Amino acid sequence: MQTAPPTNPLQEGLSAQRTPEPCVVVIFGATGDLTHRKLVPALYNLAHEGQLPQSFAIVGFARRPKTHDQFRAELRDAVAHSSRFQPINPAVWESLAQAIFYHQSEFGDAQGYQKLNAFLQKLDAERGTAGHRLFYLATAPTEFIGIIEQLGANGLIHSQHAPTASQRIIVEKPFGHSLSTAEELNQALAGAFDERQIFRIDHYLGKETVQNIAALRFANEIFEPLWNQKYVDHIQITVAESLGVEGRGSYYDGSGALRDMVQNHMMQLLSLVAMEPPTTLDGPAIHDEKVKVLRAIRPMTPEQVQQFTVRGQYARGSMAGQAVPAYREEKNVSPDSRTETFVALKLFIENWRWFGVPFYLRHGKRLPKGVAEIAVQFKAPPAVLFGAESTTPLQPNALVMRIQPDEGIAIRMNAKVPGNALNLQPVKMDFRYGGSFGAHSPEAYERLLHDAIIGDSTLFTRRDEVERSWQIVDAIIEGWNSAPAPFPYESGIWGPPEADKFIERDGREWRRP
Ligand code: BG6
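Residues numbered from 1 in each chain as written. Predicted model: local features only at pLDDT ≥ 70, side-chain atom pairs only at ≥ 80, totals over all residues. Heavy atoms only, no water.

Q: Can you break down the domain arrangement of the chain residue by residue, with the values?
A: We note that the domain assignment places domain 1 (20-172) and domain 2 (205-410 + 471-504) within the chain. Each of domain 1 and domain 2 was reduced to a C-alpha centroid, and the two centroids are 35 Å apart. (Domains from an automatic or database assignment.)

So this is what it looks like as structure tokens:
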């Protein structure tokens, strides 16, 4: 194992000053869906914003034979379809296209990697990329370890050719299927790269509104004093999707909602909301605080799994007036599948700040709408004054961070209804990103690719975070193994009725975002 080149402190952290150094991005799985829908459109957007390095190239690595020009033509269509800048700017595209290349090889063929190495060195000479590499694993996860080993064995990491250049690797999700498989992948990575060269992607961390959680909490003095068990009754984190599995049945049926969304995205949201203030805004300080939160969540016992979780699976129903099939009728899904497409959880963070405050997490597919939010529900004020007088019961304050769509922050408070009677009514103070900042936020992949190019891993996940959240998730899956199958719920409603009963037993209710 070798050490990564020293990182410029100005180039790390949420407050970074950002100057990209030369780089070749090598995408493994270059003909796949992710490359077309997200990665290359994000690189094009960065080019459009003038945020790519001067000396830059993209090399697609995949199995199918293809010429450079065929590859470029496919990517042009992909960019035209998925870029946030419409229509495509011909000058920007042309300048990016002449930096795009294709390399055909099997993922397990050593010779293919040796040829890649020679090709990259040729590009270094022609384009001034000076040995800097960013490898992107966008293949099926079964290929990850093999590719990492081939990169190491064939001199693509720490090459003699450019000993001081940076070589980094981005690993797409899913990062493992369980704690033990995540550990194996981490082991393989650690055998070839230093932790500072490894970028485990969680695209939720690239969303502007998710980054704003830290700004809301630590750049404002009015919230933080209330952000604890004395004032907060509970926190609800909802990530609802109206889509079904969308042709991804073969992956999803072996995964399920808990692994697909909770282990990564929702655990990251939870740690950002619950963490202590980091000592600085740099990557290691933030990772340290997030992992402390995860360590303070005790993995559930099988009895707690029965009490603190609800699983559901979508049945037939109707979405926007259209009949939709049941999950078990989706392509590549087993007709007697027990895979959950909905999950609700209650977690406790056993530390000084959050002792006794339930964190309710809810995620599902085929729910009435696609929406993601974090709601901090405060305790009710003493009912001695208004509670007794008002004709409507007092609603406690809530602070809602809307992650998508309609990004913003809302505060619910009580106000007096004008008139002679003393009636109170909840009203909403609403901040909308669109209204205040106008411009469209960059796509998550844009920010994340840019950060990986400059070597800033703040918005990526660290080994210990990933492994701890797998420990929490594995304990739940183990409890489910001896439990009844998920409850069916009709497509287009907010999950199985059992999920409502689950929170109502605590005297609370789900928000309807
Ligand atoms: C992915 C999951 O990580 O996130 C998908 O695999 C899910 O199942 C997607 O649909 C949701 O991402 P977003 O950005 O659309 O909320």
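We are not done yet, so read on.
Q: Could you give an account of unusual backbone geometry, naming the residues involved and the relevant values?
A: A cis amide bond, omega -10°, links Q86 with the succeeding residue P87. A cis amide bond links Q404 to the next residue, P405, at an omega of -20°. When you line up the elements, P405 lands in the loop between β13 (398-404) and β14 (408-416). The phi dihedral of R366 falls on the positive side, at around 60°, and the residue is not glycine. Of note, R366 is situated in the loop between β11 (358-364) and β12 (371-378). (Helix = DSSP H or I, 4+ residues; strand = E, 2+ residues; numbered from the N terminus.)

Q: Talk me through the nonpolar core; I want residue IDs and the actual numbers.
A: If you look at the biggest cluster of nonpolar residues, it comprises 142 residues, and the most contacted ones within it are F28, Y136, L151, I169 and F193. It is helix α9 (residues 257-274) that provides the largest number of residues to this core, a total of 11 residues. (Core = buried A, V, L, I, M, F, W, Y, C linked by side-chain atoms within 4.5 Å. Buried < 20%, exposed > 50% of the residue type's maximum accessible area, 1.4 Å probe, protein only.)

Q: Which residues make up a nonpolar patch on the surface, and what values do they have?
A: A surface patch of nonpolar side chains, about 400 Å² in accessible area, is lined by V384, L385, F386 and L422. Tracing the sequence through the fold places V384 in the loop between β12 and α12 (386-389). Residue classification places V384 among the exposed positions, given a relative accessible area of 69%. (Patch = residues over 30% accessible without salt bridge, like charges linked within 9 Å, V, L, I, M, F, W, Y side chains within 5 Å. Areas by Shrake-Rupley, 256 points an atom, 1.4 Å probe, with all protein chains shown as cover. Salt bridge = Lys/Arg side-chain N within 4 Å of Asp/Glu carboxyl O.)

Q: Outline the environment of Q268, listing residues and values.
A: One can find Q268 in helix α9. A relative accessible area of 5% means that Q268 is categorised as buried. Counting along the chain gives 192 residues from Q268 to F460, while the straight-line C-alpha distance between them is 10.0 Å. Each residue touching Q268, except ones within four places of it in the same chain, is listed here: D202, L205, K290, T461 and E465. There is a polar contact of 2.6 Å between the side chain of Q268 and the side chain of K290. (Contact = heavy atoms within 4.5 Å. Polar contact = N/O pair within 3.5 Å; in protein donor to acceptor, adjacent residues only side chain to side chain.)

Q: Just give me the short version of the sheet that holds strand β1 (residues 23-28), but keep the residues and values in it.
A: Sheets are built from strands paired through backbone hydrogen bonds, the pairs being either parallel or antiparallel. Read from one edge of the open sheet, six strands run β3-β2-β1-β4-β5-β6, paired in parallel fashion. Looking along the sheet, the strands with just one partner apiece sit at the ends: β3 (100-104) and β6 (198-200). With strand direction ignored, the average angle separating the axes of adjacent strands in the sheet is 20°. Relative to strand β2 (residues 56-62), β1 runs parallel, the two sharing six bridges. The residue of β2 that forms the bridge with V24 is A57. (Pairing = 2+ DSSP bridges. Axes fitted to C-alpha atoms, helices over the stretch in contact; angles between N-to-C directions.)

Q: Explain the pattern of salt bridges to me, using residue names and the numbers behind them.
A: Under the counting rule described, the total for this entry stands at 34 salt bridges. Its salt-bridge partner being R168, residue E21 comes within 3.4 Å of it at the nearest N-O pair. With E21 in the segment before β1 and R168 in strand β5 (residues 167-171), this residue pair connects regions lying 147 residues apart in the sequence. Judged by relative accessible area, E21 falls into the partly exposed class, the value being 23%. In this structure R168 comes out as buried when scored by relative accessible area, which is 13%. E74 is the salt-bridge partner of K66, the closest N and O atoms lying 2.7 Å from each other. Taking the relative accessible area as the measure of exposure, K66 reaches 17% and is therefore buried. Owing to a relative accessible area of 28%, E74 belongs among the partly exposed residues under this scheme. One continuous salt-bridge network, built from bridges that share partners, spans R402, D406, K428, D430 and R432.

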